[in-house]
Structures are given as structure tokens and as C-alpha cells.
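Breakdown of the fold
Chain by chain, the residues run as shown.
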Amino acid sequence: MLSSASGVASARAFARANGLTILHAGPGVVEMQGPADTLASLFGTSLSTRSVQGRRVQAHAGPLVVPGALKGQVRAAVGLSDEPLMRPRNIPGGYTPTDFARAYHLGGALTAGTGLTVATVQFSNWDPTSATTYAQAAGIGLRSGQISPVSVGDPGPISNDPNGALEVALDVETLLAVAPGADQRVYIAANNGADILANYDALLQDAQQGLVQVASVSWGTCEARAAGLIPYLSPIIDGIVSAGVTMFASSGDSGSADCSGTTGAAVDYPASDPSVVGVGGTNLQPAWTETAWPGSGGGLSQVFGRPYYQSAIAMAGSGRAVPDVASDADPNTGLGVYLGGQWFKEGGTSLSAPTWAGGLASTLTAAGCTQGLGDIHALLYDHPDALRDVTSGSNGDYTSTSGYDAVTGLGAPLWDALGPVVTASCGTPLPAMTAPEPPTGVSGIPGDAQASVSWAAPSNTGGSAITGYEVTATPGGTTVTTNGDTTARVTGLTNGTPYTFTVTATNSVGTSLASAPSVAITPTTPPPAGG
């Protein structure tokens, strides 16, 4: 290490005089090479070998002494030892917990999240010891029992679904990165309809007992493929959120065409559920700027109507818009993840959802909150300035612009600004208003080219008054709306044709799923009057 510019010339001269080779000569450092014994003698030390971390290394006895010919020109001499001085603090491949803390304005404390529990919903087994290896590499002190698998059903061996195992590892380790102190409950079941419902129901039971405050879901499918599941799963999700759990879900990795194998616009479920915070994806650059990730799922739901919290967004259509928010998802800028003896750089909106879930848990505990908040949609949409607006990029049918868009939603979290917004309700879970359940008991009385239809109001109005109903006749699709009445007359029907009727209910949040169809009735031409 040189103390003056003239030190380079002095070092070169010293090297030539002693038969040494100059490997590098810079403004602050000159690196010399020569026989070990010669260098040891020149720099006033002796050499020995010893074992460090399982290998033999060379070390010197005491500090090196700057030779008289270099005094005044060289501040210090180092070298003659290949003993490691620095220990690795990196996670191979991808961003680290420190990176995410800086990018999203989190405190980065290793105790962040302590006192709250974050749930993940999984449909694959995985090796829990992978989390231990990750935590060690990240410098996180993992507590015994901090990560608790909850077995609801058996998905079979990891070899059945290696990508599924990696999904679980990504969720668990992302939460460790962002909320290293939070407890985790990992709900695991087989990937079939019955087990899916059972898995969410187990989470619902725990939520009602106050065992979970935040949830992250990275498994989903397009709405069309979930059509048979949504009527049963959506009420369970409503119950989880009503119990005070804030649920985040990945918006999908296929852009605006979520149904793989098709080119039509579609969105992912459960991210499209109005009770769930749908999370899209960005490309996060090292300067902590973001553009939209092309795979970020987004668009308009074909199942759920526009919820009340999205009433002011500038987007055509009447469906629930997805996503609500976003964060890093690009696999090229993703998080380092460990599984099965290997490190991976992982991304997708499966990274985005737990990033948000962990960020909320960390922010709540930093403010001393010990309870969950439930539905935070209104807080997010009322405070878009607390997020980093992402204004460039596309997911196919939609483009990121200033304000809300169907690629990155409101944007990425800036937790130092968003924290005061969400923690203002600390200790008082937000009321979880949802779309109503479907009406029941639909029946019809036939008439001449018409029918009188009646029904019962939903038993669960979603916490908001019913503002109207819509009756649909099948076949033909004739519709009639009411302003809250539970009877309607449907005209324009064809005599002699059997019809069934379904009814939907609407409140300030959105529109219910369709009711069960009525028993078929057949309008008829009345007999001629007798004379």
C-alpha cells in the first residue's frame, strides 16, 4: 500500500534489485511476486502452514515489516498468506435480503417480522432443511420451530413435482429474506380440488384462532380453469380475510394471456378475487428503478365485478382489474434460492407475492402491531403516492403508465411511506367488505311469453347493503335488473321453450357469483277465451 506517487517507482526499483516480478502497479498498490522464502526474509517474517476450513494454508508469523528501502514510500505490506480473511456473506445468484431491504425501503433488521405469522399455501412437498441452509448463508438466525409445515394432504414425493418443491422453497426463503423474524406456517396439500379446499379451510380455521396475520399464495390458474372451484373457494378466502389476514397472491407469469395454450386475455385466480391483493411483477435494477416485467399477469376478471376500491381507476370495462400492486419478478433479477444442494436464481410473481407479504409483516412489527389488518385494498388505492409508480413496459395487451395499470397495478412498495398508512389501523383489523354471496331459492312462474321470477336475498351481503339484482334467462340470455327488489318480471320469452333463471346480487364492493339455476318453466300461450 503506497503512501505517495513516487512509491511506485521505489517499489519497481526494489523489485528489480531483489529479483522480484511486478504483477500489478497501480496508484495505491504494487503487487510483487517471488520465492516465498525470499519475500519472507525481505519483509521480516517467517512462514508456516496450518489447516483452515479443511485445507492447508500458508501463513506468516506476525505483521510484515516494510523494508528500509521502502520506508516513507510504502504505508504497509500485506500478503504471504493464503488464509481466508473474509467469510462469504453472499447468497449465490440473485438479490440478497439486504438488496430487497434497500430497494423497497425496509429497515432490514434481522428481527423484522418477529411476533407475527405469515402463512403460505402449497401443493408440493419440499425439503425444510433448505431454509436452514439459506438462513445460514444470509446470516439469519433461524429459531427452532420458526417454520412449521402444516400437513393437510400428501402431495407425494418431491420427485413428482420438482418445480413445485422449488416453488415452496422460493416462498419460504423470500419470506426469510424480507421478514427474517416472522414465524411461518406452510400449509401443504395435494393438488386436487378437494385438497385445495381443505388446505384453504385449514388456514381459515387457524386465522379464526388468531394464529396467522398475513398470507401469501403463489399457486394459481386462469379463471376459466378454476370455474368449478371458485364458487367454493372464494367464500373461504373471504372468511380468511374477514378474520384479519391480509392475503397476497401472484398474478401469474404469462402476461395478459393467463390461460396457457391460448392467446385470449385472461387473469389468474385467486389473484382476481376481490378479497385478495393481486401482485404483479417488475424488473428491478441495481439502482432500484423498476420497469414492468413482460410476464406480469394482468387484465380484467371475467368472474368478479369491479370492486368499490377500484371505482376511480382509469380503466375501461366493468371487471375486477388485476393486479393491485407489483414488485420484482424477473428471474434475471430475482432472489437467490437454495434447494436440494443447489442454488437457483428465481423469479416470477411467485417472488412478488411473498415479497409483499413479508414486507407488510416487517412493517407492522416495526410499529409494534401484533394483529393483522385484513383487507388493505382501500388503504392502497387511497394512497398511491406511497408506492413506486412503474411507468414503462408491457405484458401483452396492457402497458404500464402513470397511475394504475393492468401490468403493475399501483406500483411497487416504498415501505417507509406505506408504513404509516397501514399501521394507522394497528390493533383494529379493517372491515373486510366483500362482494355478496349469491341469492338463493330462485323460482319462476310461467306466463304468456314471460315469467315472474322471485328469490331470497343472500345470507351474507359481504358487509355492504345490496344495491341491485340481475336476473338472466337461459336460453337466450335475456336480463332484467332491479334496484333491490327480490322479484322481477322477465318478458320477451318464447312460448313453448323451457327456461331456467339465475340471479346475481351487487353491493358497493362488487357482484356475486350467479345463483343456482331455478327449476325450468315453460311460458305458454293462454287458451282462447270461451264464448
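Per chain, residue numbering runs from 1 following the sequence as it is written. Note on the predicted model: pLDDT of at least 70 is required for a residue's local features to be given, and 80 or more for side-chain atom pairs to be given and counted; whole-chain, interface and lining totals, by contrast, use all residues. Here the side-chain values reflect all heavy atoms present in the structure, with hydrogen atoms and water set aside.

Note on conventions: DSSP H or I runs of at least 4 residues are helices, E runs of at least 2 residues are strands, and numbering of each starts at the N terminus. Along the backbone of the chain there are 10 helices and 26 strands. In summary, the chain has a C-alpha radius of gyration of 31 Å against a globular reference of 24 Å for 531 residues, an excess of more than 25%. Based on the C-alpha atoms only, the size of the chain along its principal axes is roughly 135 × 45 × 45 Å. Think of it in three bands: residues with accessible area under 20% of the maximum for their type are buried, residues over 50% are exposed, and the middle band is partly exposed, with areas taken using a 1.4 Å probe on protein chains only. Scored against the burial criterion, the 531 residues of the chain give a buried share of 51%. The protein chains shown are the only cover counted for residues, whose accessible areas, like all others here, come from Shrake-Rupley with a 1.4 Å probe. Carbon and sulfur atoms form 53% of the exposed surface of the chain, whose accessible area is close to 22,000 Å². His residues and chain termini do not enter the charge count, which takes Lys and Arg as positive and Asp and Glu as negative. Note on charges: their place is set at NZ of Lys, CZ of Arg, CG of Asp or CD of Glu. The centroid of the 18 positive side-chain charges in the chain is displaced by 21 Å from the centroid of its 37 negative side-chain charges. Here the globule rule is a power law, 2.2 Å times the number of residues to the power 0.38, and the radius of gyration is based on C-alpha atoms.

Here we have three strands laid out as an open sheet, ordered β24-β23-β26, and antiparallel in their pairing. In this open sheet, the two edge strands, each paired with only one partner strand, are β24 (479-482) and β26 (500-506). The average angle at which neighbouring strand axes cross in this sheet is 20 degrees, direction not considered. Paired strands are those between which DSSP finds at least two bridges. Every axis in this analysis is a line fitted to C-alpha atoms, fitted for helices over the stretch in contact. Angles between the N-to-C directions lie between 0 and 180 degrees.

The next subject is the packing of aromatic side chains. A pair of Phe, Tyr and Trp rings is counted when the ring centres sit within 6.5 Å of each other, with Trp represented by its six-membered ring. The angle between the planes then sorts it: under 30 degrees is stacked, over 60 is edge-to-face, the rest tilted. Taken as a whole and assessed by the stated rule, the structure comprises 15 aromatic pairs. Summarising the aromatic geometry, the rings of Phe-123 and Trp-219 are spaced 5.7 Å apart at their centres and angled 85 degrees between planes, so their arrangement reads as edge-to-face. Of this pair, Phe-123 sits in the loop between β5 (117-122) and α4 (129-138) while Trp-219 sits in the loop between β8 (214-217) and β9 (221-222); the two residues are 96 residues apart in sequence, bridging distant segments of the chain. Relative accessible area serves as the criterion here: at 17%, Trp-219 is assigned to the buried category. Between the aromatic rings of Tyr-134 and Trp-343, the centroid separation amounts to 6.2 Å while the plane-to-plane angle is 45 degrees, which identifies the pairing as tilted. Separated by 209 residues along the polypeptide, Tyr-134 in helix α4 and Trp-343 in strand β18 (residues 342-346) bring together distant segments of the chain. Taken together, the aromatic side chains of Tyr-95, Phe-100, Tyr-104 and Trp-288 make up a single cluster linked through ring pairs.

What follows covers the confidence of the model for the chain. Known as pLDDT, the predictor's confidence for each residue is given on a scale from 0 to 100. Taken over all residues, the pLDDT of the chain has a mean of 88, while the share at 70 or more is 91%. For the chain, per-element mean pLDDT is lowest for strand β4 (residues 55-60), which scores 64, and highest for strand β20 (residues 412-413), which scores 98. Only heavy atoms enter the contact rule, under which two residues are in contact if any of them lie within 4.5 Å. In this model residues 83-93 is a low-confidence stretch, pLDDT under 50, and it forms 25 contacts with partners more than four residues away in sequence or in other chains.

The interhelical angle for the contact between α4 and helix α5 (residues 162-178), taken along N-to-C directions, is 30 degrees, at an axis separation of 10 Å. As summarised for this structure, α4 and α5 are arranged roughly parallel, according to the angle between their axes. In the packing of α4 onto α5, the handedness of the crossing is right-handed. When α4 is examined against α5, the residues Ser-130, Ala-131 and Tyr-134 are found in contact with a partner set consisting of Val-172, Glu-173, Leu-176 and Ala-177. Residues are grouped as follows: Ala, Val, Leu, Ile, Met, Phe, Trp, Tyr, Cys and Pro are nonpolar; Asp, Glu, Lys and Arg are charged; every other residue, Gly included, is polar. In terms of residue class, the contact of α4 with α5 is built from five nonpolar, one polar and one charged. An angle below 35 degrees is read as roughly parallel, one above 145 as roughly antiparallel, one from 65 to 115 as roughly perpendicular, and any other as oblique. Crossing handedness is defined as follows: a turn of the near helix away from the far one that is anticlockwise and smaller than a right angle gives a left-handed crossing, while the clockwise case is right-handed.

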